[in-house]
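Coordinate analysis (summary)
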Amino acid sequence: MDAIGSLEIRWIQGFTNKNIEFVDSKTICYPCGSQICFLNLEKKTRSVLKSTGRGVGVLTANGNNGIFAFSEQKLSPSIFVYTFPEFHLKNKLKGTAQLDNTSLTLSDGGSYLGCCSSLPDHTITVWNWENAVLVCTQQNAGQGVVSLLFNPLNCLQLCALSTTGLTVWNIEKGGSFHVMKPSVIALPATDGFFIEGLVPTSHTVSEKLPYFGPEMPPSAISGLKGDKAESIVTKLCTRARLTPTAICWTAKSELYVGCAEGFLLLVDPESLCVSVIFNPTNAMPELRQSNFQSLTLNKNGLIAVGKEGLVQCLQFKGTQINITQTWKIEGPVTTVMTSPDDETLVLSSNKGQIYMLNPTQTSGEIVKVLDVLSGNFVAAALSCTDRNICVSVRESGELQLWSTDGICLGSVSLQAEVTSLACCPVAQYAAVGTTSGSVLFIDLNREQQPRLVHQVHLYRTPVDHLVFDQEGHYLFTGASDSHIYVLDAKPSERFSVMGYTVVPGPILSLSTQTIRDSEQVKVLALCTGQEGKSHNGSLLTVLSLPARGLSDCIDKHGCLSTNTLKVSRYEVPHPLESCVLGVSEVFAYCHKRKTLQRFQLPQDTDGLSSQEVVQLTPEQEVKGHPLGPASLVLSPHNLWLASVGRDGLLRIRKTANMERYIELQCHSYRLGGVRSVSFSADSQTLLTAGVKDDSLLCSNLRNKGLDAGKTNEATLYSKSMDHFLKEIFSKENPVLIELPEWDKGSTPGAEKAEGCEVGVGAETVDVTEQDESYNSLLSAPPSHLTWLESRREAVIKEENEHYSDTKKKMRKSIKDLRDTIQGMMRENETLPDIERLELQEFNLDVEDQKRLEAMVEQEVIRVKNEIKQDMLAKSYLRDVLKKECWDSMKVKGKAIKAFHSEHEVKNYPLKEHTEEEEEDLRRVQNMRKFERAACTLKQSSLKKSSNTPGAKEEEQGEEGHGAESAAVTGSFSAQLGYSNPHIYDQFGLQTTEQRINQIILLQDVIYRIKTGFNADFDAVHRQKVQELSRMRDRNRQIREIMLELDMKETLWEPSLTVSESPERLLTVDDSEIKAEKYLTPEQKEEEERKKLEEQRRLAAKGDNLRDRALDDMMDGALEVKKENILKMEIPPPEFVLTRPAIHWSEEERKVYKEYEKKAKDLSEEKEKYKKSMETEIKKLQAATKDATQKFDETLKQLFEKKLKCEMAIYQEELKITYLVYSVLIEGEMRNRELELKLKLENAVAYKDEIGEKVKRHEEEVELFHDTYNNIVAEDKVLDKEFRKDFVNVPGHVIDHLYKLFKRRPRVQKIRIQTDNNSNPFKEQRLCGSLAPEALGKMLKAMEELDAPENMPEGSNRSIWEKFCVVRRAKVESEQKVKVNALTLAELQAFLQKRRDEDKAAQQEIKNLSDELERLHKEKNRFLTDFMVQVLLKPDQLEVSITDMTADYSDSLLYPKSVVEELNKTIRTLGGQKIASMVECKDFRKGIIQLQWEHRRMAMQIEDLNNKKRDIQKLQLTKEQQDYLDNTDQDSRVSKQLSSLEKTIAFQEKTHLQSVQRRKKKIEQLYRQAAVRAKKTEVVEQQLPDMQVAVAERRHVYEEMDSEENQAATTEERYQEIVQRSKLKDFAKAQAEDLALLRAEVERLRRKNFPSLDQLKHN
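Structure report, in brief. Numbers given for residues are sequential positions, taken from 1 along each chain in its written order. A pLDDT threshold of at least 70 governs which residues receive local features in this predicted model, and a stricter bar of 80 or more applies before side-chain atom pairs are shown or counted, although totals over entire chains, interfaces and linings include all residues. Hydrogens are left out, water is left out, and the side-chain values use all remaining heavy atoms of the structure.

Describing the sheet that holds strand 13 (residues 133–138)
Definition in use: Pairing between strands is defined by DSSP: at least two bridges between the two strands are required. Here a strand is any run of E in DSSP of at least two residues, a helix any run of H or I of at least four, and the numbering for each starts at the N terminus. Lines fitted to C-alpha atoms define the axes, with helix axes restricted to the stretch in contact, and inter-axis angles between N-to-C directions lie between 0 and 180 degrees.
The four strands are arranged 10-11-12-13 in an open sheet whose pairing can be described as antiparallel. Edge positions in the sheet fall to strand 10 (101–106) and strand 13, since each has one partner strand and no second. Shown here is a sheet whose adjacent strand axes are inclined to one another by a mean of 20 degrees, direction ignored.

Structure (structure tokens):
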């Protein structure tokens, strides 16, 4: 490493807003890459601290004592604690984190450091950073923690802010022991309301009936066990809470908490009380914009950061919030902090800005102290000119210029995603490559305002590489499309593209080397050799170009000529990631071997062809980076090689000997390492950019004395290059400055093609009429072209112009040839088939036709495959649905509809019993058989062994119980005949196994019910099918009759619907498919074959004369058919048609009479036959109607049975539900029992642990108490031994000295004089030991008392000095006693807390034991008090017994026989009384019936007399008389009709006149409405003023009459109260009267109808 020197950090830039802290009142620090930057806010100076470890993770600082700490980025990271500004390492803390630390914090008063680790342990640890001692730790406590913050007034309080909640950790201290105790803050819900405890801690017992069991907590219901069960259940059962985002301690040790939802909370850590200070839903509009994403406390109030850069200072007075100050920042602000002296506020943004403001100043000026933007750097380069500026670009397209001191000079937004960067050595500009394939040229002469002067579009892919040659002749570009473009680097040539060449495969690396002697520029390209593999390559391509005159060596398409461009190809044995070209050598990095390699290029390559590949072997191979891949850069003088990799290291080697190197950790390997590195022109400065750490680092190469020659070489080379390029720079740079700024809206290299639009509305043209112009319009050239595409288009255009005449001639000849061929094709269509040619024979370009047919066939195959895939997917879905919902069903679901109504009955779809279900059913049935057999055997043995009366009574009780159990089975299944004989009695289900078995048996009963009903359903369904068949037969007969009668009438012919025949859904009829059926060639051949066979069959059949004669004579049948009488006609005699009747003879007249008689008889016969046929139709229709009505009755009966089956099924399902619920409740009880046992075990273990701790602390306290007593005794001994130490001193002097010995100086507390608005936290902290400070102050004050001036008279100097020593010893002893007294009190308090914890643990054990005992009792009650289902008769009601009190304290127990005898006597006497009462009732009924008959007859007599009188006095109206007198009713009706028609005509005329009047009235109303609308508009305009006036008058009136209204209201309310009181008294009196009346009525009723009790006593 000494061969070159060392690397030192010059400056670093970048800001990620990750951490920013105050290290003193004027300096802030923040991490930047792998270093820490310190920024002085007053002087704007910067300093950098290089990380001691591997990178910088989280950072924290304490500005009060100048301490900062950070965590490194590696596995098992350490924490480094430094002092500022000395940068002295205080301690290195080997943390407990395995992967990383998420947060650090330092306490204000003590030497505590808190840290939180990430996965996997999430540990919160507190350190003593002075002694590097781990104070206390807590595992699994930091999950989701994003920030830790000590209480400034009490360093034993630590607040942890997580993404889901807030926890305050109290550190309990007892001597050297520390314990962390959490206090979880319960935040409100997202609506601001507080959430009560939703998860019950134990089960609750309900006294309500019916009893369904205890209510279990959610943990028992879910079955979760362990420590996390309660937390999981709590998260699932509670509402979403507020999300805290910022915290801030107050001067009262309270917490301000800002939430993401816009709430501001105040939390008291002692009482855990949370109050909502600000609710955004009902607060002032000024505060709604603040989401409190950052908080800090200032002497003026609470500083809150809101949205859109709004910063507000808030003050609180009770529940009222006042905004005292408001600042508006130009960008978004995410963090705010207060300086330790409480004078400055610092605000940071995630956009790379830091602002500073002084809230005490009235101007409120906001100063921007840092503005470096944000985002990852893509590349960075040092300018090759003498101005020595640095250029960098970010991923977002921000280009920035930096000075040699790291100051940002200016920036410009390129508004594009960039990929590469290069600086030109002959002009002050930079070339930038973009992801869109363009190269941008940026003028850097105006450092504050760089500008875009040119842009060229080269690629369709991102520009990966941009390289200038050392003398600035060319700019080379490379991308993944294997094209290398050569651009003129001089602005005077407008950065013209000189040409391109193609290399084999995507380009991975590109470098150049200028040979000044031969005026050649060599380019080295590393290629993959294959498309798509762009991570490494083994092919090296070296291109040799002349330094001048290249523009004449390209072809018309822009490709470099092979005569001028010399290409050499090489291949290396192992794939490379990066390489650079030196002088006749290549340096490369192989990630596979993790080595740096050097290859020597052969000198004589003139005899090799450009396609010949030369194998290279490495001349030297050294160890590379530990974490690759790496990239290489060669210094300008080709003597130093720089390499950077993913490990973040920068290594510099000598090219002559690569074994030794120097290195610098520039960037973090965890964030991707280093992306790019570049040398300055003098090779003394290097610039690196990180991948993802948002940092840019500039370092200097410090050479040692032994390497001064190398330094001189680099300097000399730099000066020589400056001298060589100075003349070119002086010519080209002014041209660059004069270039206009590029218009960003223009499209580079885009030329709009003319005539590129294709008409879509053209008419269809015959294929024989189309020419090549049709194909030319199918595609239009793109509007955004690359340089190569534009060049090719220009060449094509030039060729078109040059060969236009030739093309016209060729087109004309082709058109003539096409016309000739088309004429031949038309003539061919008219020729006979034998002379006609195939269309393929007219095709002149068979190959092109085959190509087009192949393309069409490929497209057809592709579409077919897509359709097949779609059909396959749908077929699979169809098969799955059919398998699950149809094939798996033993009984398919179907329905039966009624004929004459919409009534419908469905069956029960059933699946086949699985083997498991069958096995369970058999097992349960066998078990029940054994149980019943055992029970029968037991009963028989009991009958044989016991014949006592008690046994008989038990037997009778069992029989009665059996009879009763049949009545309370709880369902109708037994009545329907589908009961299972193995079902348990409802009163005998005691165990869980019995209940599960009962569930299986009840499910079998349900299955039997459904199966039985389905059998009846199938019978009815078959009946309907048969009935439909009969109906079709009847309708066929009716149609035949109607055909004979020549009747046209629509017949009712129902059919099975889809629900009645669901199988039809699975088949598709041809009539349902509307599209034409597609037939494959095979299917078409099959159809043709069938047609030919049918034709051959018909031809073979021939002409059968016998069949034809049979069809002609007897309609194809050999039976004699009855002649249709309706078609019979009697022909009239011939003379009837030829002569009139007057010319007939007598014989002809007789013949005609016979004809008329026969015609009349035939007509009568036809009429009779027609009536008989109509009667037959009616009979058939009546039969159909009767049959369908009868079927509907059958369906109705089936429906009634379905209702009964449904009732039985629901009853059985209800029993199953009760049983399942009881099993679940029992399982929950079991889970709860296991949970309580686990908690009890944990509580006992915790109790034992606490007990051991208490014993240990008691021993320590006792031991320290003895030490304290010894110290106190020693202090008293000093007091007693005072006079003995001064024995030789006179008594009055000793007395004076003893007074001085007891005298103590008054220690004045040193306070900083500040104004009234001092820092709220500048008070005495409640943490840390004050003994050293107090002792130091006391000894310093004792120096004044030890002065010789205070020496009493009569004592000499030796005595005084001895006295001072003794007094100092006494003071030190007193201070020691005080310190030990405080320590003893602390130990005793710590011990008392542990004792309280021991008592709490004991109480918890007792509570858990009681809970477990209650659970056992409740479980026993639940198992014995189970649910029984009882069926009630329709006329019985179940009486609620919820209000009954079961108090049997004064009850007596009687034998059952006594009660039965008494009941028997009561029933006998009651029967006798009822019989006598029935006899009396029947006798009275007879009397009443006779009286009713007498009254009925009297009323009938009266009615008859009235009818007689009415008939005698009947009067007829004139109309009735006219009707009776007039016999011609038709004339009377016609007169009435004529009068009615006149009346209607008159009414219509009147109606039309009324309509006209109404229309005129409506028009008049419309005009009035328009006038009123105009008036309304005027009034509406005046309405606001009138409303204001009314409101003012109403306000005045209310103010004037408020007292009178109040008095009136009071009097009115008083009258209402008095009236209500009187009404209550009146209602009470009426209620008493009603009670007396009811009592009197009851007494009278009892008097008339004596009760059974009175009868018994009598």
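Some words on the packing of aromatic side chains
Put simply, the rule reads: Note on ring pairs: Phe, Tyr and Trp rings are taken, using the six-membered ring of Trp, and paired if centres are within 6.5 Å. Classes follow the plane angle, with under 30 degrees stacked, over 60 edge-to-face and the rest tilted. For the exposure calls, accessible area comes from a 1.4 Å probe over protein chains only, and a residue counts as buried if that area is under 20% of its type's maximum, exposed if over 50%, partly exposed in between.
This structure, assessed with the given rule, holds 27 aromatic pairs. Taken together, a centroid distance of 5.2 Å and an interplanar angle of 90 degrees make the contact between Phe15 and Tyr30 edge-to-face. Remark: Tyr30 occurs in strand 3 (residues 27–32) and Phe15 occurs in the loop between strand 1 (5–13) and strand 2 (21–22); sequence separation between them is 15 residues. For the pair Phe15 and Tyr30, a shared accessibility class is recorded, and that class is buried. Considering the side-chain rings of Phe899 and Trp1052, the 6.1 Å spacing of their centres and the 85 degrees angle between planes classify their relative orientation as edge-to-face. Separated by 153 residues along the polypeptide, Phe899 in the loop between strand 59 (895–897) and strand 60 (904–906) and Trp1052 in the loop between helix 12 (992–1045) and helix 13 (1081–1101) bring together distant segments of the chain.

Considering a nonpolar patch on the surface
For the record, the criterion: To count toward a patch, a residue needs a relative accessible area above 30% and no salt bridge. Like charges then connect within 9 Å, nonpolar side chains (Val, Leu, Ile, Met, Phe, Trp, Tyr) within 5 Å. Working definition of accessibility: Shrake-Rupley area with a 1.4 Å probe, residue cover restricted to the visible protein chains. Only one rule defines a salt bridge in this text: a Lys or Arg side-chain nitrogen within 4 Å of an Asp or Glu carboxyl oxygen.
Residues Leu1452, Tyr1454, Val1458 and Val1459 make up a contiguous nonpolar surface patch of roughly 420 Å² in combined accessible area. Within the secondary structure, Val1459 is located in helix 21 (residues 1456–1512). A relative accessible area of 38% places Val1459 in the partly exposed class.

Quick notes on the packing of helix 12 against helix 16 (residues 1146–1280)
The line we're drawing: Each angle gets one of four labels, with under 35 degrees taken as roughly parallel, over 145 as roughly antiparallel, 65 to 115 as roughly perpendicular, and the rest as oblique. Under the scheme applied, nonpolar residues are Ala, Val, Leu, Ile, Met, Phe, Trp, Tyr, Cys and Pro; charged residues are Asp, Glu, Lys and Arg; polar residues are all the others, including Gly.
Direction vectors running N to C along helix 12 and helix 16 enclose 170 degrees, while the axes themselves pass 9 Å from each other. In terms of axis orientation, helix 12 runs roughly antiparallel to helix 16. Of the residues that constitute the contact of helix 12 with helix 16, the class distribution is 30 nonpolar, 10 polar and 16 charged.

What to know about the nonpolar core
Where we set the bar: Here, nonpolar core means buried Ala, Val, Leu, Ile, Met, Phe, Trp, Tyr and Cys residues that are tied together by side-chain atoms lying within 4.5 Å of each other.
Judged by nonpolar contacts, the single largest core of 42 residues is most densely connected at Ile354, Leu650, Ile652 and Leu686. At four residues, the largest contribution of residues to this core is made by strand 57 (residues 696–703). In this structure, Val905, Val924, Ile983 and Val1020 belong to the second largest nonpolar core, which totals 31 residues.

Some remarks on the pattern of salt bridges
Evaluation of the coordinates by the stated rule reveals 58 salt bridges. The partner of Lys181 in a salt bridge is Glu1397, with the nearest N and O atoms 3.2 Å apart. Here Lys181 is found in strand 17 (residues 177–185), whereas its partner Glu1397 is found in helix 20 (residues 1357–1424), with 1216 residues between them in sequence. Relative accessible area serves as the criterion here: at 23%, Lys181 is assigned to the partly exposed category. Close ionic contact of Arg995 with Glu1226 constitutes a salt bridge, the shortest N to O distance being 3.7 Å. Separated by 231 residues along the polypeptide, Arg995 in helix 12 and Glu1226 in helix 16 bring together distant segments of the chain.

So far we have only geometry, and geometry alone does not tell us how the molecule works.
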